[in-house]
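Analysis of the macromolecular model
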Amino acid sequence: MMPKLTRAAVLLLLGALVYSCNKDPGPVALVGEPNPHPVPVPVADTRVLYIGNSLTQANNLPDLVAGIAAAVNVPWASQVEAAGGYGLEDHWVSTSLQRTIANGNWDWVVLQQGPSALPESRVNLVYWTQQFDVKIRAAGAHTALYMVWPDATRYSAFDSVSASYRAAATAVGGTILPAGDAWIAAWRLDGSLPLYGSDNFHPDIAGSYLAALTIFGGLTGRSPLDVPLRPAGLEYVLQGLTDGQLQDLRQAADTVITLAAHSGLE
């Protein structure tokens, strides 16, 4: 037999019932079904600071990387600090750049200077990479080296350029972004690919796009083969390249990123 409720207890029960009926229960999901109104989980941007010269500026390379990221739904934000003919030593004297590194909440700082194929240039690249790496690590970011290429008259220097940039990456435990190696890999697939621009040093759009695929793959761990052949938003930029050429560029970037991962410079 249930106990007899007092008048006060009855009033309390009624009040609780009214409250529960008026309260918004929120979205209801059936057992085994996804919530029809899931709470959105904020996804932070991958934040990248580029420090370099005209080989970083050419064909708006950082925008090409951002366009690739957008095409595969990877949040991306970047800033460029570049000036024609600059090496890392030239950038180092900029106190405003050092503040940018310290205060930018970057995930990656990508360093680039000229080919640096000569022995003394290699020493210079390694030294200034080490100086920048101290600042980059203090800011909680990671250092990456954007490997470039020699001019067309010094084709034999590709190996030396590669060795210099790998030495710099190794010296700081950084990540190599081997765009110069990707150029060689691409020419092995199609020797007619127009990677150099008209001055035989700065890249044509194919050379910059190949570099962008390599940078994106190196910074994200994503295979360039996952990137659509003609990413939405970049169709106009890539309109002069055939589907076959674009496929070769993706394959070349994937090849060198895979090799870099196996070498431990990722």
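Residues numbered from 1 in each chain as written. Predicted model: local features only at pLDDT ≥ 70, side-chain atom pairs only at ≥ 80, totals over all residues. Heavy atoms only, no water.

1. Quick word on the sheet that holds strand 5 (residues 175–178)
Spatially, 5 strands are ordered 2-1-3-4-5 in an open sheet, and the strand pairing comes out parallel. Edge positions in the open sheet fall to strand 2 (76–82) and strand 5, since each of these has one partner strand only. Taken pair by pair, the neighbouring strands of this sheet meet at an average axis angle of 20 degrees, ignoring direction. Strand direction decides the pairing type here: strand 1 (residues 46–52) and strand 2, joined by 7 bridges, are parallel. Counted as the bridge partner of V48 is S78 from strand 2. Across the face of the sheet, helix 3 (residues 61–71) comes into contact with strand 1, strand 2 and strand 4 (142–147) while running at roughly 170 degrees to strand 2. Contacting strand 1, strand 3 (108–111) and strand 4, helix 6 (residues 119–138) crosses the sheet at an angle of about 150 degrees to strand 4. (Pairing = 2+ DSSP bridges. Helix = DSSP H or I, 4+ residues; strand = E, 2+ residues; numbered from the N terminus. Axes fitted to C-alpha atoms, helices over the stretch in contact; angles between N-to-C directions. Contact = heavy atoms within 4.5 Å.)

2. Observations concerning unusual backbone geometry
For N59, which is not a glycine, the phi torsion comes out positive at approximately 55 degrees. Relative to the assigned elements, N59 resides in the loop between helix 2 (54–57) and helix 3. Under the relative-accessibility criterion, N59 is labelled partly exposed at 33%. Not every positive phi belongs to a glycine, and N105 is a case in point at roughly 55 degrees. In this structure, N105 sits in the loop between helix 5 (95–103) and strand 3. (Buried < 20%, exposed > 50% of the residue type's maximum accessible area, 1.4 Å probe, protein only.)

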